[in-house]
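Residue strings, one per chain:
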Amino acid sequence: MNRLGKVFGRLLILLLCVSGVSFAQDNAKQDMKDAGHETKQAAKDTGRATKKAAKKTGHTVKKGTHKAAHKAEQGAQKAEDKTQPE
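Residues numbered from 1 in each chain as written. Predicted model: local features only at pLDDT ≥ 70, side-chain atom pairs only at ≥ 80, totals over all residues. Heavy atoms only, no water.

### Some words on the overall build of the chain
Helix and strand counts for the chain stand at one helix and zero strands. Looking at the 86 residues of the chain, the share that counts as buried comes to 0%. In the structure as shown, the chain presents an accessible area of about 8300 Å², 63% of it carried by carbon and sulfur atoms. (Helix = DSSP H or I, 4+ residues; strand = E, 2+ residues; numbered from the N terminus. Buried < 20%, exposed > 50% of the residue type's maximum accessible area, 1.4 Å probe, protein only. Areas by Shrake-Rupley, 256 points an atom, 1.4 Å probe, with all protein chains shown as cover.)

Written out as structure tokens, the structure is:
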């Protein structure tokens, strides 16, 4: 009976070691999947932020250009008024 207990004990230890390795592999695989999903979400968020910033920049440039054109027109009108004979 003593020899059977030793064999059973060794078999039990071997079984636990093998199942532990299997669990570790599954856990690592899931970690890689999670990292991939997080990377995908980060890329999406970056794309959305870039789009928003580009739109804001475009609107600001358009507004500034319009304002500069208006001021140039006012300056031209003022110069024309000064050069008109009275």
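Back to the write-up after that little detour.
### Here we look at the pattern of salt bridges
What the rule picks out here adds up to one salt bridge. The salt bridge involving Arg48 is made with Asp45; its shortest N-O contact spans 3.3 Å. Taken together, the residues span about one helical turn, with Arg48 and Asp45 both in helix H1 (residues 2–83) at a distance of three residues. On the basis of relative accessible area, Arg48 is assigned to the exposed category, the value being 52%. (Salt bridge = Lys/Arg side-chain N within 4 Å of Asp/Glu carboxyl O.)

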